[in-house]
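# Topology and contacts: notes
Take a look at the letters that make up each chain.
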Amino acid sequence: MSTEQPLVFVVDDDASARDGIEDLLQSAGLSVMSFGSAQEFLKASRPDAPGCIVLDVRLPGTSGLEFQKVLIETGVPLPVIFITGHGDIPMSVMAMKSGAIEFLTKPLREQSLLDAVHVGIEGDRLRRQESKYVSELQQRFELLTPREREIYALVITGRPNKQIAAQLELSEMTVKVHRSQITKKMRATSIVDLVRMADRLGYSARIARCKPKH
């Protein structure tokens, strides 16, 4: 079940630090779920909501950096904010290269943490919106017939109807009808829309390869 109420996950084995972060985030009006280890997080049932993870680097068992890799491998795309009392430059560089949005040292500056959390939540919200839109585009694309996809591939290259008709050995009127159906099914308002949609789907290059050979 999806909800738009953002949620912050705090993963830290230090109970007092965990409680302090939870209190701070809740005082800013944010919902929080806390865990003492990576394993606890992975076993928990988590709401489908925009959010981020505040993650301690040094955890018992699976470390924060190892956990970050597990999140990536298991398809959990939540933004990660690392916190540590023993951070060093190589560690922070490694974390940021792996996609962390911030690396904060303890004792935490409250505003720095809140700023990072808001950036993470907004980034995740945008990612979710993009994912939903691309999923909708994919559903529209799948409504196209093989012939419509073939014509779509040529339309987005800027070819006029007459040239498409000649290449596919169709009448120009037939191409116009198919093109109208493509526009309708994709819910596009212009050729620019169709090109952008193909790009968002990652189909521009793939569709182009489907052009008939002569």
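The structure reproduced in this document is the subject of the present report.

Thresholds applied
Residues numbered from 1 in each chain as written. Predicted model: local features only at pLDDT ≥ 70, side-chain atom pairs only at ≥ 80, totals over all residues. Heavy atoms only, no water. Patch = residues over 30% accessible without salt bridge, like charges linked within 9 Å, V, L, I, M, F, W, Y side chains within 5 Å. Areas by Shrake-Rupley, 256 points an atom, 1.4 Å probe, with all protein chains shown as cover. Salt bridge = Lys/Arg side-chain N within 4 Å of Asp/Glu carboxyl O. Lys, Arg positive; Asp, Glu negative; His and termini not counted. Charge placed at Lys NZ, Arg CZ, Asp CG, Glu CD. Helix = DSSP H or I, 4+ residues; strand = E, 2+ residues; numbered from the N terminus. Core = buried A, V, L, I, M, F, W, Y, C linked by side-chain atoms within 4.5 Å. Buried < 20%, exposed > 50% of the residue type's maximum accessible area, 1.4 Å probe, protein only. Contact = heavy atoms within 4.5 Å. Expected span 1.5 Å × (residues − 1). Arc of directions from axis to C-beta.

As a further point, take a negative patch on the surface. Together, Asp-13, Asp-14, Asp-19 and Asp-23 line one region of the surface with negative charge. Assignment of secondary structure puts Asp-14 in the loop between β1 (7-11) and α1 (15-27).

Now for the nonpolar core. Counting 21 residues, the largest nonpolar core has Val-11, Phe-41, Ile-53, Leu-55 and Phe-82 as its most contacted members. Breaking this core down by element, the ones donating at least two residues are β1, α2 (38-43), β3 (51-56), α3 (64-73), β4 (80-84) and α4 (89-97). Residues contacting Phe-41, with those up to four places away along its chain left out, are Phe-9, Val-11, Phe-35, Arg-46, Ile-53, Phe-67, Leu-71 and Leu-78. One finds Leu-137, Ala-165, Met-197 and Tyr-203 within the second-largest nonpolar core, a separate group that totals 20 residues.

We now examine helix α8 (residues 172-186). Taking 1.5 Å of rise per residue, the 15 residues of α8 would be expected to cover 21 Å, and the 21 Å separating its terminal C-alpha atoms lies within 8% of that figure. Taken together, the buried positions of α8 are occupied by Val-175, His-178, Ile-182 and Met-186. Each buried residue of α8 sits inside an arc of 65 degrees when the element is viewed along its axis, so together they form one side. Projecting away from the buried face of α8 at angles above 90 degrees are the exposed residues Met-173 and Lys-184.

The next subject is α4. Along α4, the residues that are buried comprise Met-91, Ser-92 and Ala-95. Mapping the buried residues of α4 onto a view down its axis gives an arc of 95 degrees, with all of them on the same face. Turned more than 90 degrees away from the buried face of α4, the exposed residues are Ile-89, Pro-90 and Lys-97. Where α4 is buried, its residues meet α3, β4 and β5 (102-105). Count one or two residues on from α4 and you reach Gly-99, which has phi positive near 110 degrees.

Opposite charge on two side chains makes pairing possible when the charged atoms of those side chains draw close. Summed over all chains, the structure comprises eight salt bridges. The closest approach of N and O atoms between Lys-106 and Asp-12, which form a salt bridge, is 3.0 Å. Highlighted residues: Lys-106 in the loop between β5 and α5 (110-141) and Asp-12 in the loop between β1 and α1, separated in sequence by 94 residues. Residue class for Lys-106 comes out partly exposed when judged on its relative accessible area of 28%.

Just distances and angles here, no functional claims.
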